[in-house]
Amino acid sequence: MNSSFLLPEVASTSAQRVDEPFYFVLWVALFFFFAVMICCALFVWRYHHRRNKKAALHVTHNTTLEVIWTLIPLALLVVIAVMGYRGYLDLSIPPHNAMTLNLTAQKWQWTLSYPNTSVEVSSVLKPELGNRRLPFVVPVNRPIVLVMNSTDVLHSFFVPAFRIKQDVLPGRYTKIWFTPIKIGSYPIKCAEYCGTNHSGMLAEIQVVSEEDFQRWLHNENAKSIAENNKVVPPEVRGKRIFEGKGACMACHAVASKDKQPAPEIGPRLFQVFGRTEQVYIPATNTKTSVKVDENYLRESIEDPNAKQVVGFAPQMPTFKGVLSDAEINDLIAYIKTLK
Amino acid sequence: MTQLSTHSSSSPEPQALSFYKAKRGIGSWLYTLDHKRIALMYLFFILGSFLLGGVYALLIRLELWSPGRDIMDATTYNKVFSTHGLVMVFLVLIPSIPATLGNFLLPLQVGAKDLAFPRLNLFSFYVYVLGAIFGVYTILSKGIETGWTFYTPYSTSTADSHVVPMLLAGFILGFSSIFTGINFIVTIHKLRAPGMTFYRMPLFVWAMYATSMILILATPVLGITLLLLLFERVWHIGIFDPAFGGDPILFQHFFWFYSHPAVYIMIVPGFGVISELFATFSRKPIFGYRAIALSSIGIAIIGFALWGHHMFTSGQSPLSGMIFSFLTYIVAIPTAIKVFNWTATLYKGRIHLDTPMIYALSFLFLFTIGGLTGIFLANLSVDLHLHDTYFVVAHFHYVMVGGTLFAFLGGIHYWWPKMTGKLFNITWGNVGALLAFVGFNLTFMPQFILGSRGMPRRYYSYQEFPQFTELHRWSTVGAVILAIGFFLVAGVLIQSLFSKKKAPANPWEGTTLEWQTPSPPPVENFIQEPFVTQGPYERPEEA
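Now for a look at the structure at hand. These numbers were taken from a predicted model, which means no experiment stands behind them.

What counts as what
Residues numbered from 1 in each chain as written. Chains lettered and ligands numbered in written order. Predicted model: local features only at pLDDT ≥ 70, side-chain atom pairs only at ≥ 80, totals over all residues. Heavy atoms only, no water. Helix = DSSP H or I, 4+ residues; strand = E, 2+ residues; numbered from the N terminus. Buried < 20%, exposed > 50% of the residue type's maximum accessible area, 1.4 Å probe, protein only. Contact = heavy atoms within 4.5 Å. Buried area = accessible area lost by both parts, 1.4 Å probe. Salt bridge = Lys/Arg side-chain N within 4 Å of Asp/Glu carboxyl O. Nonpolar A, V, L, I, M, F, W, Y, C, P; charged D, E, K, R; others polar. Pairing = 2+ DSSP bridges.

### Remarks on the side chain of Ser296(B)
All names here are of chain B. Relative to the helices and strands, Ser 296 resides in helix α11 (residues 289–302). Take Ser 296: its relative accessible area is 3%, and that puts it in the buried class. Residues within four places of Ser 296 in sequence aside, it is in contact with Ala 210, Val 268 and Lys 338.

Here's what the structure looks like:
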């Protein structure tokens, strides 16, 4: 179904569970709104003091009327509540045969991984793709359940076209399921405020036919395995960490401004190696300049707030204990290639 | 009309000195024990806070004019919306009607000389000022960008906010609320004039009673929650942040356990004002007095049990969700009854469309929309789509601004002659009200549509969704019109202060006790203690 005036297009079986009560409530609300407002307008006009010279002071009660306008709304609200329950319970319990995928949220990207494969897709905008992101590919007409976790703060996974939303928590797993019914691409939005780039934490879900999905998964898996098995130079390993586990791409752009426009949350790393940066040192409350070399890069990753580049907020988390020494070496090798 | 014992004429003795003239000098204000002066000092600060919060609102709407950056970067925007929320909720809406109209009118409406504890009243004012200072300090220093809801672990870990002083501000402000609540409850129990039984109290007094119940019982929970959040952020005690073994959903439960009743603190006083306005400006007793009185108490009590409707997507159990949804629908019933009763009051009345009544009718229109859109959000399935979208933003602005603020303005205009002894220009007052009404609807009606179409809230940019631009622009234009309306309203009221004409004791033909004493009242409120023999809205038949 296409989008209506009020609601986006319908692309999942869940949508009906939401749209039905939505429109029912809309009609009930419009009815009561107009009933009250029309009475008001009529009374104000008819009983305006220029038209009505004497108020009927005794009209202060009507038990029958009061009982009716208590019980009818009560009955309607009970019906509405129960409509909500049925949909909600349905949406909370994934079907047995659902395909399980793992979703990780972190400031400010989503990563979807496909179990039993090496396929992992992240939602960052890639300059080499013309500043676009890779989609999360899923098959049509098959129930899919996402097991979700955050590595830092609360996020929320929201797909308007599917009418689904669920908070993603650190320290716990939450689940959400859907069955896509329409081939196409649909936006994923973060719906729990998570800081500077909350409005940029977007992804795309692409629903394809079952054969296209199998083909895509097989190819991606083969590509991924080949990548993992290849003896790759440190720069290539570093790029994977940069775009994946490290989530560096969420804040640091790597290409020139025209190739990769970005919100500049962290300093742009394009041509950063060898550059001289102005930094603020909180420990001594002084400003100085540093030349960006291997040591400075390592310090920035392990103790990012020791020296803060002037003009940027000190919000980079530390990766000490998150990335191994070897991984940091690989990252440094990759950053050196950003010319 | 509730009668004074020996006087049957409606004009009281002219020699009573107004409370303004009784004592002079700045010290007589700063150290006053007169509830009327305290109310006016609160009004000054609350209006100042409203101006601050309003400027921040305009900044939000200006930034959202285009999909990308307009006038500020993302972190600044996040500070702006967080500050707007904190200032409006804690410095404006929560104190608004109780601290200004409640403080001024409650003793007058029950026929008393002052509140039960005048010193506590002054103290609660200074506690409010102290809390406000901590808040303003935070805003002027690093600022705060956690959202007014402080969800963890973002609020315990962000380096971009000065969280601790803002938490202290909230903690301190809470005491102001609690002391006011205690003062009101004791006053209503102990200081009613002879003959004023509970069912002869004006509905505004019933509303103050219900609100005070919530102020006293809910606010301590907020205080404790903010303190625990402070301990988590500073000492990592491991209660709300999973990194230290805590539970972020626990924070949400604690926070909303206060913050849901808080919205009833904000709206129930508004209901009280609206009842007074409908009765006076229909020249008729309110329809269904007992239902309205007891429904306020009912809302106050039931309102403690439904906080989880803010958390349907949080990860709480589905059973909890179902119970919270059900109770949210239950609390809608006493609210709907009030709306029907106010409408029925108009029936066969003698209606006067003076400025306070324009606000009352606007309230009916706007609050009904706000309340009905709550029915969407209370529905478990529908909320999965609408939660954290602009639909929620539109809903709560309809009830908080269209509801509380319009009721507040209606009350300010209604009791303006009593408080200041001046009459404002009714025609221009009506123009201001209508301009605000139009501007408000233009600002927030498009936001329902933005929300249901999938625009999330707290979004700095919508660059990848330029199709939302048109609705955002209508909303921004509406905000500018709303601002102009409010400035006109302020202008009309300020202009009245310079007029030489004196307001009579009862310019609106009201029936409650405050209209039986001069405008403005003397320090002791009544020359002689009133004696009450009938209901608050009884009036003699017209000739």
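### Some details on the environment of Trp515(B)
All names here are of chain B. Secondary-structure assignment places Trp 515 in the segment after α17 (469–497). Take Trp 515: its relative accessible area is 1%, and that puts it in the buried class. Among all residues touching Trp 515, those that are not within four sequence positions of it are Tyr 414, Trp 415, Lys 418, Ala 505, Asn 506, Pro 507, Trp 508 and Gly 510.

### Quick word on the interface of chain B and chain A
Residue-level contacts link 90 residues of chain B with 80 residues of chain A. Roughly 7500 Å² is buried in total at the junction of chain B and chain A, and carbon and sulfur atoms are behind 68% of that figure. In terms of surface lost to chain A, no three residues of chain B exceed Phe340(B), Leu384(B) and His385(B), which account for 9% of the buried area on that side. Counting across the interface, chain B meets chain A through three salt bridges. In this structure, Glu464(B) and Arg133(A) form a salt bridge, with 3.0 Å as the shortest nitrogen-oxygen distance. For the side of chain B that touches chain A, the secondary structure elements donating two or more residues are α4 (74–93), α7 (154–157), α10 (248–281), α12 (318–346), α13 (355–378), α14 (380–386) and α16 (426–452) of chain B. Tallying contributions element by element places α12(B) first for the side of chain B that touches chain A, with 15 residues. Split by residue class, the side of chain B that touches chain A holds 48 nonpolar, 26 polar and 16 charged.

### What to know about the sheet that holds strand β13 (residues 276–281) of chain A
Residues and elements named next belong to chain A. Strand order in the open sheet formed by three strands is β14-β13-β15, and the pairing between neighbours is antiparallel. The sheet terminates laterally at β14 (286–291) and β15 (308–309), the two strands that pair on one side only. Two elements, β13 and β15, share two bridges in a ladder whose sense is antiparallel. Bridge pairing in β15 places Tyr 280 opposite Gln 308.

### Focus: unusual backbone geometry
Residues and elements named next belong to chain A. In this structure, Trp 108 follows Lys 107 across a cis peptide bond, with omega equal to -5°. The backbone of Ala 247 sits at a positive phi, close to 55°, despite the residue not being glycine. With respect to the helices, strands and loops of the structure, Ala 247 is situated in the loop between α4 (234–243) and β13. For Glu 264, which is not glycine, the phi dihedral falls at a positive 55°. Note that Glu 264 resides in the loop between α4 and β13. By relative accessible area, Glu 264 is classed as partly exposed at 27%.

In short, the description is geometric, and any link to function would need to be established separately.
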